[in-house]
Amino acid sequence: MTATALPPGRYGSAPTGPGRRRTVLIVVLSVVVAAAIGVLVWFGLAQGTSVSVETYGYSVKDAQSVEVTFSVTAKSGTPVVCTIEALNDAHAQVGSKDVQIPAADEQVTQYTTTVATSERAVTGVADSCRTAG
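Below is a short write-up of the structure.

Conventions we followed
- Residues numbered from 1 in each chain as written.
- Predicted model: local features only at pLDDT ≥ 70, side-chain atom pairs only at ≥ 80, totals over all residues.
- Heavy atoms only, no water.
- Helix = DSSP H or I, 4+ residues; strand = E, 2+ residues; numbered from the N terminus.
- Buried < 20%, exposed > 50% of the residue type's maximum accessible area, 1.4 Å probe, protein only.
- Contact = heavy atoms within 4.5 Å.
- Areas by Shrake-Rupley, 256 points an atom, 1.4 Å probe, with all protein chains shown as cover.
- Pairing = 2+ DSSP bridges.
- Axes fitted to C-alpha atoms, helices over the stretch in contact; angles between N-to-C directions.
- Polar contact = N/O pair within 3.5 Å; in protein donor to acceptor, adjacent residues only side chain to side chain.
- Patch = residues over 30% accessible without salt bridge, like charges linked within 9 Å, V, L, I, M, F, W, Y side chains within 5 Å.
- Salt bridge = Lys/Arg side-chain N within 4 Å of Asp/Glu carboxyl O.

Attention now goes to the overall build of the protein chain. When helices and strands are counted, the protein chain shows one helix and six strands. Helices and strands appear in the protein chain in the N-to-C order α-β-β-β-β-β-β. In the protein chain, buried positions account for 25% of the 133 residues. Summarising the internal contacts of the protein chain: among those between residues at least 6 apart in sequence, 62% fall at separations of at least 24. Carbon and sulfur atoms make up 58% of the accessible area of the protein chain, which totals about 9300 Å².

Now the structure itself:
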């Protein structure tokens, strides 16, 4: 069987080596640039809403309460909700409280709150914070 030639001019000119390589290179570079922009946007959005919390200390007041001091790091002007936990000697949660943190002018703020417990706690921790709303 012999290959038949295509009618001249009907399908355009046959692809050439350097031209085709250039087209492939442009497509690959476009995909890489689009992916890089997507990653940068994703990181930018994640940084804009990041909130962190650190426990500074606790004081077991009695069998029904523990006082926890913690700091919140968030973008200025961002209201935050933090979950504070009281734990017993088996590391079981014996109390929990969501604390509404109003928007502040400073990026790092410190708070103290009292958590009611169902039994004597041995520690209190700031478990997590998230943006409110």
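Ordered in space as 4-3-6, the three strands form an open sheet in which the pairing is antiparallel. At either margin of the open sheet sits one strand with a lone partner, and together these are strand 4 (93–101) and strand 6 (123–131). When the angles between neighbouring strand axes are averaged without regard to direction, this sheet yields 20°. Inspection of the sheet shows strand 3 (residues 80–87) paired to strand 4 by eight bridges, in the antiparallel sense. Bridge pairing in strand 4 links Cys-82 to Val-99.

Below, the discussion takes up the side chain of Thr-117. By the element assignment, Thr-117 lies in the loop between strand 5 (108–116) and strand 6. A polar contact is formed between the side chain of Thr-117 and the backbone nitrogen of Ser-65, at a distance of 3.3 Å. Aside from chain neighbours lying at most four places away, what touches Thr-117 is Ala-63, Gln-64, Ser-65, Val-66, Ala-86, Val-94 and Gly-95.

We now examine a nonpolar patch on the surface. A surface patch of nonpolar side chains, about 250 Å² in accessible area, is lined by Val-24, Val-28 and Val-32. Considering the arrangement of structural elements, one finds Val-24 in helix 1 (residues 17–48). For Val-24, a relative accessible area of 47% puts it in the partly exposed group.

Attention now goes to the sheet that holds strand 1 (residues 52–62). Read across the sheet, three strands follow the order 1-2-5 without closing on themselves; strand pairing throughout is antiparallel. The sheet terminates laterally at strand 1 and strand 5, the two strands that pair on one side only. Adjacent strand axes in the sheet meet at a mean angle of 20° when their direction is disregarded.

Attention now goes to the pairing of strand 1. Within a regular strand, side chains alternate between the sheet's two faces. Pairing of strand 1 with strand 2 (residues 65–73) involves nine bridges; the strand directions are antiparallel. The residue bridging Ser-52 from the neighbouring strand is Thr-73, located in strand 2. Linking two consecutive strands that pair antiparallel, namely strand 1 and strand 2, is a turn of two residues.

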